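# Summary of structural features
The lines below spell out each chain.
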Amino acid sequence: MNKHFYDVSFFAYCFLLVFSCMSGLFLDLSSPKLLGIVGLAWSALSLLVFLWVVERVYYFKKQVGKTGEPGLSHRILKSMSQQKFYNLGVKALRSFNAINFLIIICGALYCFWMFYLALSPPRVEPLLKLNELIADFFQGQGLAEPNIFWASPMISAWLNATILLILFLVFWLMQLYVYSNSQYWNIAWLALSLFFLSFFAMIGPGNSVNSLHIPDNIWIGYGWSNIDVLQALGIIPNERLSYFQMRFYASGITGVTFFYLPGLIVMFVLMRNMFSKSLDRRLPLIGLLVLLVLLYVDIGYNANIRQFSLWISGWCLLGCVSIRERSNIRRIYRIHQ
Amino acid sequence: MKQMASVSTFVTIILLLLFSLCQIFLQLPPQKAALHESVASRAFYTSQNNDLSHQERNSAAQKAKSHFIHALANNPYEAGLWIRLASVHKTLGSENSQDNDSLVDAVRVARILRSDIQPNLDRILIQINSENRNDITHE
């Protein structure tokens, strides 16, 4: 099973990438069920690949233990370098690194912030009045107040968190394949094509936002409740907003800072790689351009769930170009020790 | 650091798995609202059918009203639902003052949520108020 699993998972990754981008472009991913199916597919693939890597490592440790030597014997190293799937697993270990850990922490901070805001809805006068009016109606009908007052922002936060988790796993899996497989360029070209396709599907005069204003004094935000309602109430300007602007209103300056930190970390990694002698300098440059495009669409274009395909192909590309050098097994073993 | 990174990646995978499964198998309030809305819309169109008897139309309108209220309980910020609920109320044409108050509330919520059709909703409010006033003078 191990011999074939890696290749199958490589093709499954390509298939899922295309499937996610196409469903982002042509289907309505704001539907929880559809997003759930995409999320389930990515989490299942990630879990299987994760278990495969862990199994390889335990097999490796068991072999070393059998020798009874503190270090790795020459015999084991030699047999290790001859086993293709063994190598792949050990190389793939490099995808568990400090940078990815930091990205997870920043993503988790943003998710916690979103859920905190969802649990404490905004105390805005017009919204409170509207809620009272709705409560009066339900009392008049002899019914309990609708529970949507907390459910709606919670569901929005939940869907947003799912998207972030999918993006991280796409990024991590791509790094895993780049470290362990020399054929990773196939996925990189595929991701690049999908990125261009999504970008050209997104841009256009009809999709750009009316103005680039951002609120300067919202530190906490109104939560991911219905932005339409807040616009109808005049709390938020009633015009087309970009995700960047929506994030300012929904999660405040604090949330926006948490949200853009992973992108900032990747940017620093790319800048560091630009000065590395052992790496092709074009790769970090491509990564910086991808980051710029993602930011440009985030700021200048109307908030639309179709941007999911751009995010997913973009983060796949970032996973590919943000790696450090691909080194041999002996060095990886030393790092691992 | 490698161990921390691998544990956090594993936690991320499990979280996504749980979130996705919940999204697929749990029925969330907006989905419940959509289900009630579809039943209510069918009942509402039946209530508009002139070929049916008055009683059948009335019962269809009552059914539509009940489903619209359930849909609103799951999605109270949907202006379209409030507008359609108000029209069902009008179709039923109740003389009960409590029902008229509910109708006024429904139109007011719709008026707040849909500022673009405020004049039409204002006209309905004026009409309801004048009807209420006539009822009071008759009493």
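Criteria and thresholds
- Residues numbered from 1 in each chain as written.
- Chains lettered and ligands numbered in written order.
- Predicted model: local features only at pLDDT ≥ 70, side-chain atom pairs only at ≥ 80, totals over all residues.
- Heavy atoms only, no water.
- Helix = DSSP H or I, 4+ residues; strand = E, 2+ residues; numbered from the N terminus.
- Buried < 20%, exposed > 50% of the residue type's maximum accessible area, 1.4 Å probe, protein only.
- Contact = heavy atoms within 4.5 Å.
- Areas by Shrake-Rupley, 256 points an atom, 1.4 Å probe, with all protein chains shown as cover.
- Expected span 1.5 Å × (residues − 1).
- Arc of directions from axis to C-beta.
- Patch = residues over 30% accessible without salt bridge, like charges linked within 9 Å, V, L, I, M, F, W, Y side chains within 5 Å.
- Salt bridge = Lys/Arg side-chain N within 4 Å of Asp/Glu carboxyl O.
- Lys, Arg positive; Asp, Glu negative; His and termini not counted.
- Charge placed at Lys NZ, Arg CZ, Asp CG, Glu CD.
- Buried area = accessible area lost by both parts, 1.4 Å probe.
- Polar contact = N/O pair within 3.5 Å; in protein donor to acceptor, adjacent residues only side chain to side chain.
- pLDDT = per-residue confidence, 0-100.
- Axes fitted to C-alpha atoms, helices over the stretch in contact; angles between N-to-C directions.
- Parallel < 35°, antiparallel > 145°, perpendicular 65-115°, else oblique.
- Left-handed = near helix turned anticlockwise from the far one by under 90°.
- Nonpolar A, V, L, I, M, F, W, Y, C, P; charged D, E, K, R; others polar.
- Phe/Tyr/Trp six-rings, centres within 6.5 Å; stacked < 30°, edge-to-face > 60°.
- Lys NZ or Arg CZ within 6 Å of the ring centre and 35° of its normal.
- Disulfide = S-S within 2.5 Å.

## Focus on the overall build of chain B
Along the backbone of chain B there are 6 helices and 0 strands. Reading chain B from its N end, one meets helices and strands in the order α-α-α-α-α-α. Classification of the 139 residues of chain B by burial places 40% in the buried group. Taking the contacts inside chain B whose residues are at least 6 apart along the sequence as the reference set, 54% of them involve residues at least 24 apart. When the accessible surface of chain B is summed, it comes to about 7700 Å², and 54% of that surface belongs to carbon and sulfur atoms.

## Quick notes on the environment of Asp7 of chain A
Mapped onto the secondary structure, Asp7 of chain A falls in helix α1 (residues 2-26). Taking the C-alpha atoms as reference points, Asp7 of chain A and Ser23 of chain A, 16 residues apart in sequence, are found 24 Å from one another.

## Re helix α8 (residues 184-202) of chain A
All names here are of chain A. The end-to-end C-alpha distance of α8, which contains 19 residues, comes to 27 Å, matching closely the 27 Å that a straight helix rising 1.5 Å per residue would cover. Among the residues of α8, those classed as buried are Tyr184, Ile187, Ala188, Ala191, Leu194, Phe195, Ser198, Phe199 and Met202. Mapping the buried residues of α8 onto a view down its axis gives an arc of 135 degrees, with all of them on the same face. In α8, the exposed positions that point more than 90 degrees away from the buried face belong to Trp189 and Phe200. Immediately beyond the C-terminal end of α8, within one or two residues, lies Gly204, with a positive phi of roughly 150 degrees.

## Description of a negative patch on the surface
Residues and elements named next belong to chain A. There is a patch of like negative charges on the surface, built from Glu125, Glu132, Asp136 and Glu145. Counting through the fold element by element, Asp136 comes out in helix α6 (residues 125-140). On the accessibility criterion, Asp136 (40% relative accessible area) is partly exposed.

## Some details on the interface of chain A and chain B
Contact residues are listed per partner, giving 53 residues for chain A and 44 residues for chain B. Surface buried jointly by chain A and chain B totals about 4300 Å² across both partners, of which 77% is contributed by carbon and sulfur atoms. In this structure, the connection of chain A to chain B is made through 0 salt bridges. There are 5 residue pairs in polar contact (both at pLDDT 80 or more) connecting chain A and chain B. Put simply, the parts of the chain that give the side of chain A that touches chain B at least two residues each are α2 (32-67), α5 (98-119), α6, α7 (148-180), α9 (227-232) and α13 (329-336) of chain A.

## A word on the confidence of the model for chain B
Taken over all residues, the pLDDT of chain B has a mean of 75, while the share at 70 or more is 77%. Confidence estimates for the predicted assembly give a pTM of 0.82 and an ipTM of 0.84.

## Side note on the packing of α5 of chain A against helix α1 (residues 2-25) of chain B
A pair of packed helices can be characterised by two numbers: the angle between their axes and the separation between those axes. Contact geometry for α5 of chain A and α1 of chain B: axes closest at 9 Å, N-to-C directions at 40 degrees. On the basis of their axis angle, the class for α5 of chain A and α1 of chain B is oblique. The two elements α5 of chain A and α1 of chain B cross, and the hand of that crossing is left-handed. Every residue of α1 of chain B that contacts α5 of chain A at Phe101, Ile104 and Phe115 of chain A is listed here: Met4, Ala5, Ser8, Thr9, Thr12 and Phe19 of chain B. Along the lines of polarity and charge, the residues of the contact of α5 of chain A with α1 of chain B split into 6 nonpolar, 3 polar and no charged.

## A word on the packing of aromatic side chains
The final tally for this structure, using the stated rule, is 26 aromatic pairs over all chains. Measuring from centroid to centroid gives 4.9 Å for Phe137 of chain A and Trp82 of chain B, while their planes differ by 80 degrees, and the two rings are edge-to-face. Of this pair, Phe137 of chain A sits in helix α6 while Trp82 of chain B sits in helix α4 (residues 79-92), on two different chains. Across the pair, exposure class does not vary: Phe137 of chain A and Trp82 of chain B are buried alike. With centroids separated by 5.2 Å and ring planes inclined at 75 degrees, the aromatic side chains of Phe244 of chain A and Phe248 of chain A adopt a geometry described as edge-to-face. Here Phe244 of chain A and its partner Phe248 of chain A are both found in helix α10 (residues 243-274), 4 residues apart, which amounts to about one turn of the helix. The class of Phe244 of chain A is buried, set by a relative accessible area of 16%. The residue whose ring lies beneath Arg247 of chain A is Phe259 of chain A, and the NZ or CZ to ring-centre distance is 3.8 Å.

## Regarding the confidence of the model for chain A
Looking at chain A, the pLDDT average stands at 81 and 83% of residues meet or exceed 70. Within chain A, helix α12 (residues 307-321) of chain A carries the highest mean pLDDT (90), whereas α13 of chain A carries the lowest (51).

## Examining the environment of Met114 of chain A
Residue and element names in this part refer to chain A. Residue position: Met114 is located in helix α5. When its relative accessible area of 0% is taken as the criterion, Met114 is described as buried. For the pair Met114 and Ser156, spaced 42 residues apart in sequence, the C-alpha to C-alpha distance is 9.1 Å. In this view, Met114 contacts Ala157, Asn160, Ala161 and Trp224; residues no more than four positions away in its chain are not counted.

## Digging into the state of the cysteines
Residues and elements named next belong to chain A. Counted according to the given criterion, the structure contains 0 disulfides over all chains. Here Cys320 is not cross-linked by a disulfide; its sulfur's nearest cysteine counterpart is in Cys316, at 7.2 Å. Cys320 gets classed as buried once you look at its relative accessible area, which sits at 3%.

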